[in-house]
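Inside the fold
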Amino acid sequence: MKRDLSELSTRQFDLVVVGGGVLGASVARDAALRGLSVALVEQADFCSATSHNSLKTIHGGIRYLQHLNFKRAIESIREQQIFLQTAPHLVQPMRFLMPAYGFGMRGPAALGIGVALYEFLNACVALRDGRRLKAPKGRVMGAKRYREMVPGMEDQPLSGGAMWMDAQVSLADKAVLQMLQQAAEYGASVANYVTADAPLFREDDPQVIAGVKARDIRSGTCFDIQARAVVNATGPWAASWINGAGEPQLTMQLGLVKSMNLVTRKPALPHGVAVRSNRASDSKVDSANRMFFVVPWQGKTMIGTTHVAHEGAEVDDRVGPGDVADFVEEFNEVYPELGLTPEDVLYSYAGLAPAMQEEGAEAVPLHESEIIDHGVVDGIVGLFSIVSVKWTTARLVAEQTVDQLLGAQAKARPCQTRSVGLPDYESMPHEIAGMTEAQLRAFVRQHVDGTQAFRLSDVLLRRTNDLVLGAMSAQQFEVVVSEMAALLGWSEEMRSEEISLVLERLSNAAQKADLSAQMDLIS
């Protein structure tokens, strides 16, 4: 996955994808596997914004049943099954539990109906697609059994509980890199730290796309990428990118919500737990509460997801101590047994997502993705924008996008990503535990050379999870810093700036202070 700007600037592509999150990577992979020539550019690091904010789950859609959204539930179930079959090294089944209270809409009978319907839909999807799934079936259990499986619930007035099978993508950042690597193996040209400043139009017809005007952020060099079509997969930047295109007929409105997931040092349970928040949801079945998911991850506990309306025009997903404190307070109202404190939080995943918000109501993420053909909406042929909302269905949205693009060109090439496996590339190591200094330096070189890791945060926050999990020593931290500084020619000022930017992303004050102090001693 080499970064070749000369190829980007001299080759004619069928498609250029703007945005290197899970959706952009999925579009590039889908199109490349269909034989299209593809370019992809990302203004920062791959999977560094909204897609980085992942609860590490591939939800099968059981929560959409409370909205009576059967179409969305079936889509999610199908995509989960595809993930489990095509990327078993990245996605594994994970059991979830949910407590029951009373005997109404939150009681065992109501939960049992939901679980039974979920199991029925799973069986129907597997039968339709010819898949045989081997996983424990969902069921309802008594209060005693639930308390045995979820310690600390002795004082809760439970009437039972429910269990169902979902899935987890344990290495979400790596999954995006592997999608991009497979796209590159099929001929795609992929580059990060390249911004697409605006669409490029044909000189003889300003209503037809001819590519994008690009700029290399690392060198400042400007160049054009020639392409017959452009897919705007920039996530929360989708509207601002379109509205800044310089064409008055191009307009796009997009509300935003800031979503957040916490990595905590609480020991993980062997399964996930779903609990109801005290905040209102837009559920059609139980409108009183939205959900928190407590997820085991790499021996720690992740908790998510909160959604807060984003104010202002700036696309800023930074998390402050107040955001974390509010999250912890809301969570403790409904799950005090975990005893969560702000000091338990190691890392805060956060990102902006498309939202809907009626006047006077709390912002909530969109339930459906949308693919906008600007040839139909605005008369600009060859330009497509995607407003996407979920990791789980990114592959499906990519398939639908490429279908629309080919349909507009009167071409037909069948999708391959439903069945083609995603390889587990050995050239993309992720775990650094137990590495010697020489091995760790080789790890850094592999990612600088092979996955375009040019910032310290690229390596420490996305090419490995050890720092995020609080498992990286100051000595390992220093080895990574010194190797990257040597490879990339950092000055002392740049070195200090890179360290500061990474430490700012950590949520645990004690961890930051300890790393800073030890780094000072080492230097």
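Conventions adopted
- Residues numbered from 1 in each chain as written.
- Predicted model: local features only at pLDDT ≥ 70, side-chain atom pairs only at ≥ 80, totals over all residues.
- Heavy atoms only, no water.
- Pairing = 2+ DSSP bridges.
- Helix = DSSP H or I, 4+ residues; strand = E, 2+ residues; numbered from the N terminus.
- Axes fitted to C-alpha atoms, helices over the stretch in contact; angles between N-to-C directions.
- Contact = heavy atoms within 4.5 Å.
- 1 Å grid on protein atoms, 1.4 Å probe; cavity = no way out; pocket = protein on both sides within 12 Å on 5 of 7 lines; lining within 4 Å.
- Points joined across faces, edges and corners; volume = space filled by probe spheres on them.
- Nonpolar A, V, L, I, M, F, W, Y, C, P; charged D, E, K, R; others polar.
- Buried < 20%, exposed > 50% of the residue type's maximum accessible area, 1.4 Å probe, protein only.
- Right-handed = clockwise from strand over helix to strand, strands pointing away.

1. Re the sheet that holds strand 2 (residues 15-18)
With mixed pairing, the six strands of this open sheet are ordered in space as 7-3-2-11-19-18. The strands lining the two open edges of the sheet, one partner per strand, are strand 7 (189-192) and strand 18 (370-373). Recorded for the sheet is a direction-independent mean angle of 15° between the axes of neighbouring strands. Note: strand 18 against strand 19 (residues 383-387), four bridges, orientation antiparallel. Within strand 19, the residue paired with E370 across the bridge is V387. Across the sheet, helix 2 (residues 22-33) touches strand 2, strand 3 (38-42), strand 11 (230-232) and strand 19, and the angle it forms with strand 3 is around 170°.

2. A few points about the layout of surface pockets
Where empty space is left in the structure can be found by rolling a water-sized probe over the atoms. Taken as a whole, the second largest pocket encloses approximately 480 Å³ of empty space. For the second largest pocket, the lining is made up of 21 residues, of which I62, Q66, A110, L111 and G114 are closest to its centre. Among the elements of the structure, helix 4 (108-129), strand 6 (158-169) and strand 14 (291-297) are those that each provide at least two residues to the lining of the second largest pocket. A total of six residues in the lining of the second largest pocket trace back to one element, the largest contributor, which is helix 4. Among the residues forming the lining of the second largest pocket, the class breakdown is 16 nonpolar, two polar and three charged.

3. Quick look at empty space enclosed by the protein
Within this structure, the stated rule accounts for two cavities of 30 Å³ or more. Considering only enclosed or pocket space, the largest cavity measures out at about 100 Å³ in volume. In terms of lining residues, the largest cavity is bounded by S26, R29, I82, F83, T86, A87, M179, R395, T417 and L422. Looking at the lining of the largest cavity, the elements that each hand over two or more residues are helix 2 and helix 3 (70-86). With three residues, helix 3 is the single largest residue contributor to the lining of the largest cavity. Residue composition of the lining of the largest cavity, by class: five nonpolar, three polar and two charged. Considering only enclosed or pocket space, the second largest cavity measures out at about 30 Å³ in volume. In terms of lining, the second largest cavity is formed by K174, L177, M428, P429, H430, H447, R462 and R463. Contributing elements (two or more residues each) for the lining of the second largest cavity: helix 6 (172-185) and helix 12 (456-463).

4. Observations regarding the pairing of strand 13 (residues 272-276)
Note on strand geometry: in a regular strand, side chains alternate between the two faces of the sheet. Within strand 13, five of the five residues are buried, leaving the element largely enclosed by the surrounding structure. In terms of strand pairing, strand 4 (residues 91-101) meets strand 13 through two bridges, oriented parallel. Paired with F96 across the two strands is G272, which belongs to strand 13.

5. Quick word on the environment of R147
Residue placement: R147 occurs in helix 5 (residues 143-149). R147 sits 84 residues away from R63 along the chain, and the two C-alpha atoms are 23 Å apart. When sequence neighbours within four positions are dropped, the list of residues in contact with R147 reads M153, E154, Q156 and L158.

6. Considerations on the pairing of strand 3
Judged by how many residues are buried, strand 3 sits mostly within the fold: five of five residues are covered. Both faces of strand 3 are covered, namely the face carrying V38, L40 and E42 and the face carrying A39 and V41. One ladder, built from four bridges, connects strand 2 with strand 3; its direction is parallel. Note on strand 3: the bridge partner recorded for L15 is V38. Regarding topology, helix 2 serves as the crossover connection from strand 2 to the parallel strand 3, and that connection is right-handed. Bridge count between strand 3 and strand 7: four bridges; the pairing is parallel. Across the sheet, residue V41 finds its bridge partner in strand 7, namely A191.

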